[in-house]
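Per-entry structural report
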Amino acid sequence: MTNQNMLGKSRVIVNERLMELAMSISNSNVLPRTSVSELMALFGGLLGRHKNNLIKPLEDDNDHKGATKVNAWIDSMGASSPTRTRHESENRDQTHWTLFHPSALNMFNQIMYNTNGKQIIVFLDYDGTLSPIVADPDKAYMSKKMRVTLKDIARRFPTAIVSGRCLDKLFSFVRLAELYYAGSHGMDIKGPTNRRSTKKGNNDEVLLQPASEFLPMINEVYKILVEKTKCVPGAMVENNKFCLSVPFRNVDEKSWAPLAEQVSLVLNDYPKLKLTQGRKVLEIRPTIKWDKGRALEFLLESLGFANSKNVFPIYIGDDRTDEDAFKVLRNRSQGCGILVSKISKETNASYTLQDPSEVGQFLRHLVDWKRTSSRSHKL
Ligand SMILES: O=P(O)(O)OC[C@H]1O[C@H](O[C@H]2O[C@H](CO)[C@@H](O)[C@H](O)[C@H]2O)[C@H](O)[C@@H](O)[C@@H]1O
């Protein structure tokens, strides 16, 4: 072995040891969060890698329109569905990622410490966060246990569900009148309903519909897309009121290209609509500057916390569309974003949870924490 090789090998061993040490610190509750992140930054420096370089960039999230961009979409569709085995370097990146985005369960006490007596407001995405991802979008049910937990949460904190789904569908899954709902990626927002009108979920508590002028266009494009995609086995189009979804989870990979091409071609005639992508789903949305982040800001404002420092929003989501909300929290240096994911992703969230069952655990911790702290205030 040459001196060079030996040097390289010992550097790897030192890096691995440092990494193990940093991991155990990040997963403990011993130090306050600031110390943990400082330590992690230090370890990152010693490892010779900056935090931002530790994660592989996600596929381009910009809007792509027209047939010329179809190839980019197909690549992106493939990248959103990683089924292959991971390489060693990817495993290392995964470790780095966990280091900088620790588990919200492990860091629970620290997160609560950071709330510092502020009003906690809970924001939750639906698919992949409250309900597990399933093949049939109409069967993405939330468990009974999760509903009970959500009810308990809503009794203690203002709580909102923010989803790409249309409001009616969302309400039919969640069925809790005491929540705020932001459907169609935040383009359809309503407040808690009065108890007598909750059965159908329809009510007169609409707070905001910033894309209402797009309704006729969305309905028109829905009909065209249903027609154009019916030749692709497994393809379907969901009408989410102010946006449309074309899930491709049940479409054979060989047909992803023709499907993306069809959708792209249709959108060529509608420059006021844009194409974005979620978890095995193509999403068609108005080009207005409105997203889950803006919905979060709007809801904070509606709750009387527009410029308040006395609020601690917790946003939990699993999808790229949730990144807009994570970004808002990061820019406001307020509250915390929690990404639901088992694999490394570029994210603006601070913490992670693995899956909806961990989301349930985190929410139950939150209920217990509030119970205990209210009790100790009464003493
Ligand atoms: O913002 P979200 O609540 O995450 O909603 C976004 C999309 O959710 C649904 O699709 C996702 O869940 C499906 C059921 O588990 C799954 O089959 C699909 O692959 C996921 O992307 C919904 O079907 C879409 O309309 C929403 O846009």
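Residues numbered from 1 in each chain as written. Predicted model: local features only at pLDDT ≥ 70, side-chain atom pairs only at ≥ 80, totals over all residues.

1. What to know about the overall build of the protein
Looking only at helices and strands, one finds 12 helices and 12 strands in the protein. When burial is assessed residue by residue, the protein has 37% of its 379 residues classed as buried. Partitioning the intrachain contacts of the protein with sequence separation of at least 6 by distance along the chain shows that 61% fall at a separation of at least 24. (Helix = DSSP H or I, 4+ residues; strand = E, 2+ residues; numbered from the N terminus. Buried ≥ 20, exposed ≤ 12 C-beta atoms within 10 Å, placed from the backbone. Contact = placed C-beta atoms within 7 Å.)

2. Considerations on the packing of helix H10 (residues 292-302) against helix H11 (residues 323-332)
Axis separation between H10 and H11 bottoms out at 6 Å; the angle between their running directions is 50°. By the angle between their axes, H10 is oblique relative to H11. Contacts from Lys292, Gly293, Leu296 and Glu297 in H10 reach Asp324, Ala325, Lys327 and Val328 in H11. Partitioned by chemical class, the residues of the contact of H10 with H11 number 3 nonpolar, 1 polar and 4 charged. (Axes fitted to C-alpha atoms, helices over the stretch in contact; angles between N-to-C directions. Parallel < 35°, antiparallel > 145°, perpendicular 65-115°, else oblique. Nonpolar A, V, L, I, M, F, W, Y, C, P; charged D, E, K, R; others polar.)

3. Structural notes on the site of the ligand
The local shell around the ligand holds 24 residues, among which Tyr126, Pro137, Ser163, Gly164 and Ser245 are the closest. Sorting the residues of the shell around the ligand by element identifies strand E7 (244-247) and strand E9 (281-286) as the ones contributing at least two each. (Near = placed C-beta within 6 Å.)

4. Overview of the sheet that holds strand E5 (residues 206-208)
Read across the open sheet, the 8 strands follow the order E5-E4-E3-E2-E1-E10-E11-E12; overall the sheet is mixed. Only two strands of the sheet have a single neighbouring strand rather than two, namely E5 and strand E12 (351-353). Each strand of the sheet is rotated relative to its neighbour by a mean of 25°, with strand direction disregarded. Bridge analysis of strand E1 (residues 119-124) against strand E2 (residues 159-162) gives 3 bridges, and the strand direction is parallel. Within the sheet, the bridge partner assigned to valine 122 lies in E2 and is threonine 159. (Pairing = 2+ DSSP bridges.)

5. Brief notes about the packing of helix H8 (residues 215-229) against helix H9 (residues 256-268)
Where H8 contacts H9, the axes come no closer than 10 Å and their chain directions differ by 150°. Classified by the angle between their axes, H8 and H9 sit roughly antiparallel to one another. Every pair of crossing elements has a handedness; the one defined by H8 and H9 is right-handed. Between H8 and H9, the residues in contact are Val221, Ile224, Leu225, Lys228 and Thr229 and Leu259, Gln262, Val263 and Val266, respectively. Here the residues of the contact of H8 with H9 sort into 6 nonpolar, 2 polar and 1 charged. (Left-handed = near helix turned anticlockwise from the far one by under 90°.)

6. A word on unusual backbone geometry
With a phi close to 50°, serine 184 is a non-glycine residue in the positive phi region. Within the fold, serine 184 resides in the loop between strand E3 (180-183) and strand E4 (188-190). The buried category is assigned to serine 184, around which 27 C-beta atoms lie within 10 Å. One non-glycine residue, lysine 280, adopts positive backbone phi at about 50°. With respect to the element layout, lysine 280 can be found in the loop between strand E8 (273-278) and E9. According to the C-beta neighbour criterion, lysine 280 is partly exposed, with 16 such atoms within 10 Å.

7. Some thoughts on the environment of leucine 150
If you trace the backbone, leucine 150 turns up in helix H6 (residues 144-156). Taking the C-alpha atoms as reference, leucine 150 lies 9.0 Å from leucine 179; in sequence the two are 29 residues apart.

8. Things to note about H8
Across its 15 residues, H8 extends 21 Å between first and last C-alpha, which sits within 8% of the 21 Å expected from 1.5 Å per residue. If you check which residues of H8 are buried, you get Ile218, Val221, Leu225 and Thr229. All buried residues of H8 fall inside an arc of 70° around its axis, so they share one side. Of the residues in H8, the exposed ones pointing more than 90 degrees away from the buried face are Pro216, Asn219, Glu220, Lys223 and Glu227. The elements touched by buried residues of H8 are E7, H9, E8 and E9. (Expected span 1.5 Å × (residues − 1). Arc of directions from axis to C-beta.)

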